[in-house]
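# Observations on the model geometry
Here are the chains, one letter per residue:
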Amino acid sequence: MAGDDHEFGGQHTEIKLAIVEAYLKRYSAALHNWCDHVWYIDAFAGTGRRTVRVKARAGDLLEEPAPEQVEQRRGSAQIAIDITPPFDRLVFMDTRRKHVAALEGLKAANSHRDISVLQGDANSLIQGEIEWDGWKKTRAVMFLDPYGMEVEWETLKKIAATKAIDVWYLFPLAGLYRQAARDMSKIDAIKEAAITRMLGTDEWKGELYSKVKAPPTVDLLGYLDDSETLQRSADVGGLEQYVRLRLKTIFAEVLDPYPLPVLEKPQRFSLFCAISNPSERAIKLAKSFGADILKSTGSASRHRSGR
């Protein structure tokens, strides 16, 4: 494989990119009718393409057997470039030198477009540069597809404060429930700080955990201890809803998340759409787009799974 290949994939990748692409198409078509400048921002842009391994398939009565295949498919950056009507500006960010080099190649191949490639930590770049008077005449869609739990709450606050950006955020739900162990005593200072940095408050400890009686310890003389412990009372669905409630404290509206992956358990991601523009028109438009897209995607996913 070439050095800039970015190998990842799976059903949840196909679905998240299909949802985002559908939203970008509608958003660009609608916003260009009444907004001076329409942008796309990709904070974890990768290389613009992705290498996908398609598993070998055994033959049956209807299909011939097929060997394993390696395919090159579009990543989020290339998808955004392909949207029509085109975005007036595209901003791609990534920390990895090989990814940035690939994005620079993508920029060179589309030299007629206004494309900026930024190397560095997305939190630092966004927090340091997003405050701008031009948002009054500019609207944007930002895609947050982090490699882990990198997105800081302060970054989300800065985005929401623009009142101009719709955000699609693939929230790492598995990362949250791994760090937020069932037993509070198993959460060390590093994990606690990571959760607080991502959720923007330390109140999660009181809101997600409750006291339960610990099994008493016994020796030959009788009961030695009859204490209480803190146990996480929220299951995976509860954690997801807590994240949505947190996002709604800074964004004007947050659509119901789309759980990913669809066919595999446990759920590992939640795809959120958060709207920063508080105008009734903007919220109505985003909700209409999002509801239609998520509904059609959900129906297609269930059809593919045979459910």
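Predicted model only: the values in this text are computed from it and were never measured.

## Some thoughts on the overall build of the protein chain
Per the secondary structure count, the protein chain includes 10 helices and 14 strands. Counting every position in the protein chain, which comprises 307 residues, the buried fraction comes to 47%. For the protein chain, contacts bridging at least 24 residues in sequence account for 72% of all contacts bridging at least 6. Split by element, the accessible area of the protein chain, about 15,800 Å² in all, is 52% carbon and sulfur.

## Comments concerning the pattern of salt bridges
Going through the model one piece at a time under the given rule, you end up with 12 salt bridges. Between Arg 26 and Asp 292 there is a salt bridge; the shortest N-O distance is 3.3 Å. Of this pair, Arg 26 sits in helix α1 (residues 11-31) while Asp 292 is found in helix α10 (residues 280-305), placing the two residues 266 residues apart along the sequence. What makes Asp 292 partly exposed here is its relative accessible area of 38%.

## With respect to the side chain of Arg 139
Its location among the elements puts Arg 139 in strand β6 (residues 138-144). Put simply, Arg 139 is tucked away with no salt bridge, and the nearest opposite charge, on Asp 166, sits 7.6 Å away. Here Arg 139 is in contact with Tyr 27, Leu 31, Cys 35, His 37, Val 38, Trp 39, Lys 163, Ala 164 and Asn 277, once residues within four sequence places are set aside.

## What to know about helix α7 (residues 189-199)
Within α7, the full set of buried residues consists of Ala 194, Ile 195, Met 198 and Leu 199. Projected down its long axis, α7 shows its buried positions confined to an angular sector of 115°, all on one face. Opposite its buried face, α7 presents the exposed residues Ala 189 and Ile 190, each directed more than 90 degrees away. Residues of α7 that are buried in the fold lie against α5 (153-161), β7 (165-171), α6 (173-179), α8 (204-208) and α9 (236-247). A side-chain oxygen of the first residue of α7 lies 3.2 Å from the backbone nitrogen of Ile 190; this N-cap is Asp 188.

## Topic: the side chain of Ser 276
Residue placement: Ser 276 occurs in the loop between β14 (269-275) and α10. On the accessibility criterion, Ser 276 (3% relative accessible area) is buried. Reaching out from Ser 276, the side chain makes a polar contact with the backbone nitrogen of Ala 164 at a distance of 3.1 Å. There is a polar contact of 2.6 Å between the side chain of Ser 276 and the backbone oxygen of Ile 165. Other than its neighbours up to four places away in sequence, Ser 276 contacts Ile 159, Ala 160, Thr 162, Lys 163, Ala 164, Ile 165, Asp 166, Phe 251 and Ala 252.

## Here's the deal with the pairing of β7
Of all seven residues in β7, seven are buried, a share of seventy percent or more. Burial along β7 is two-sided: the face carrying Ile 165, Val 167, Tyr 169 and Phe 171 and the face carrying Asp 166, Trp 168 and Leu 170 are both buried. Examined bridge by bridge, β6 and β7 share five bridges and lie parallel to one another. Across the sheet, residue Ala 140 finds its bridge partner in β7, namely Ile 165. Handedness of the β-α-β unit built from β6, α5 and β7 comes out right-handed. Two strands pair when backbone bridges link them, and β7 and β14 are joined in this way by six bridges, in the antiparallel orientation. Following the sheet pairing, Tyr 169 is matched in β14 by Phe 272.

## Some details on the confidence of the model for the protein chain
It should be kept in mind that the predicted coordinates are not to be read in detail where pLDDT is low. Across the protein chain, the average pLDDT comes to 87, with 82% of residues at 70 or higher. Per-residue pLDDT stays below 50 along residues 299-307; that stretch engages in eight contacts with residues further than four places along the chain or on separate chains.

## Quick notes on the environment of Gly 206
Its place among the elements puts Gly 206 in helix α8. Judged by its relative accessible area of 61%, Gly 206 is exposed. Measuring from C-alpha to C-alpha, the distance between Gly 206 and Leu 230 comes to 9.3 Å, with 24 residues separating the pair along the chain.

## Notes on the packing of helix α4 (residues 122-129) against α5
Taken N-terminus to C-terminus, the directions of α4 and α5 make an angle of 35°; their axes are 9 Å apart at the nearest point. α4 and α5 meet at a crossing whose hand is left-handed. Touching Asn 123, Ile 126 and Gln 127 of α4 are Glu 154, Thr 155, Lys 158 and Ile 159, all from α5. Among the residues making up the contact of α4 with α5, the classes are represented as two nonpolar, three polar and two charged.

Rules used in this analysis
- Residues numbered from 1 in each chain as written.
- Predicted model: local features only at pLDDT ≥ 70, side-chain atom pairs only at ≥ 80, totals over all residues.
- Heavy atoms only, no water.
- Helix = DSSP H or I, 4+ residues; strand = E, 2+ residues; numbered from the N terminus.
- Buried < 20%, exposed > 50% of the residue type's maximum accessible area, 1.4 Å probe, protein only.
- Contact = heavy atoms within 4.5 Å.
- Areas by Shrake-Rupley, 256 points an atom, 1.4 Å probe, with all protein chains shown as cover.
- Salt bridge = Lys/Arg side-chain N within 4 Å of Asp/Glu carboxyl O.
- Lys, Arg positive; Asp, Glu negative; His and termini not counted.
- Arc of directions from axis to C-beta.
- Polar contact = N/O pair within 3.5 Å; in protein donor to acceptor, adjacent residues only side chain to side chain.
- Pairing = 2+ DSSP bridges.
- Right-handed = clockwise from strand over helix to strand, strands pointing away.
- pLDDT = per-residue confidence, 0-100.
- Axes fitted to C-alpha atoms, helices over the stretch in contact; angles between N-to-C directions.
- Left-handed = near helix turned anticlockwise from the far one by under 90°.
- Nonpolar A, V, L, I, M, F, W, Y, C, P; charged D, E, K, R; others polar.

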